[in-house]
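Reading the structure
Each chain, letter by letter, is given below.
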Amino acid sequence: MTLFIDGDAFPNLLKPIVLRSIERLALSTKVIANKKIHIGTSKYIEYIVVDQGADEADHHIVELCKSEDLVITADIPLADRIISKNAHAIDHRGELYSVDNIKQYLAMRNLMESIRESGEMTGGPKAFGTKDAHAFANQLNAFLAKNHNCHSRA
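Cut-offs and rules
- Residues numbered from 1 in each chain as written.
- Predicted model: local features only at pLDDT ≥ 70, side-chain atom pairs only at ≥ 80, totals over all residues.
- Heavy atoms only, no water.
- Helix = DSSP H or I, 4+ residues; strand = E, 2+ residues; numbered from the N terminus.
- Rg over C-alpha atoms; globule rule 2.2 N^0.38 Å.
- Buried < 20%, exposed > 50% of the residue type's maximum accessible area, 1.4 Å probe, protein only.
- Areas by Shrake-Rupley, 256 points an atom, 1.4 Å probe, with all protein chains shown as cover.
- Lys, Arg positive; Asp, Glu negative; His and termini not counted.
- Charge placed at Lys NZ, Arg CZ, Asp CG, Glu CD.
- Polar contact = N/O pair within 3.5 Å; in protein donor to acceptor, adjacent residues only side chain to side chain.
- Contact = heavy atoms within 4.5 Å.
- Salt bridge = Lys/Arg side-chain N within 4 Å of Asp/Glu carboxyl O.

A few words on the overall build of the chain. When helices and strands are tallied, the chain shows five helices and six strands. When the helices and strands of the chain are placed in sequence order, the string is β-α-β-β-α-β-α-β-β-α-α. Taking 2.2 N^0.38 as the reference for a compact globule, 154 residues should give roughly 15 Å; the C-alpha atoms of the chain span a radius of gyration of 15 Å, in line with that estimate. With respect to the principal axes defined by its C-alpha atoms, the chain has extents near 50 × 30 × 30 Å. Split into buried and exposed, the 154 residues of the chain put 43% on the buried side. Surface exposure of the chain reaches about 8700 Å², of which carbon and sulfur atoms provide 53%. On the chain, the mean spot of the 18 positive side-chain charges and the mean spot of the 20 negative ones are 8 Å from each other.

A few words on the side chain of aspartate 132. Inspection of the secondary structure assignment puts aspartate 132 in helix α5 (residues 130–147). Given the relative accessible area of 7%, aspartate 132 is considered buried. A distance of 2.9 Å separates a polar side-chain atom of aspartate 132 from the backbone nitrogen of glycine 129. Every residue in contact with aspartate 132, bar those within four places of it in the chain, is listed here: His92, Arg93, Lys126 and Ala127.

So, about the pattern of salt bridges. If the charged atoms of two oppositely charged side chains come close together, the side chains can form a pair. Tallied over the entire structure, the rule returns three salt bridges. Notably, a salt bridge pairs glutamate 46 with lysine 30, separated by 2.7 Å at the nearest N-O pair. Residue glutamate 46 is found in strand β3 (residues 45–49), and its partner lysine 30 is found in strand β2 (residues 29–33); the two are separated by 16 residues along the sequence. Aspartate 80 is paired through a salt bridge with lysine 103; the nearest N and O atoms lie 2.8 Å apart. A residue pair is termed long-range when its members are at least 10 positions apart, and aspartate 80 in helix α3 (residues 76–83) and lysine 103 in helix α4 (residues 102–117) qualify at 23 residues. Classification of lysine 103 as exposed rests on a relative accessible area of 53%.

Even without a glycine there, the phi angle at alanine 9 is positive, about 65°. As for its position among the elements, alanine 9 is in the loop between β1 (3–6) and α1 (15–25). With a phi angle near 80°, glutamate 68 is a residue other than glycine that sits in the positive phi range. Looking at the secondary structure, you find glutamate 68 in the loop between α2 (56–64) and β4 (70–72).

Worth remembering: the numbers are spatial, not functional.
Here you go:
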């Protein structure tokens, strides 16, 4: 299993959480973004900077991602593409996207986008905080305990 991190808008609070898991499990990781993003220093992390442009990082992640890989992203259309490849996606707030829920998330995203485009002020998501980081850490740890085929070196 390879871990992919959609580096665009990756919260700083999550960097040490992810880095600990990468090191503990010797987890092959690719951080992909259209600008330099630094999660931490590890021999297990490869940083890939893609060309500027809408969805360039997303396209690269989809191209490299294989069945059973894990992608960390807050981008719902990207998560939908990942799920269709039999891979897994977790968002920054700890939501594990699946075939059972991704279409509902996508529909809600599209509805809210349509409302915003009509001129309605909807406000954005609530600020990312410690509670969100804890929910993410719990989901990531549960997922890795269930799905990672290596044993902890700790």
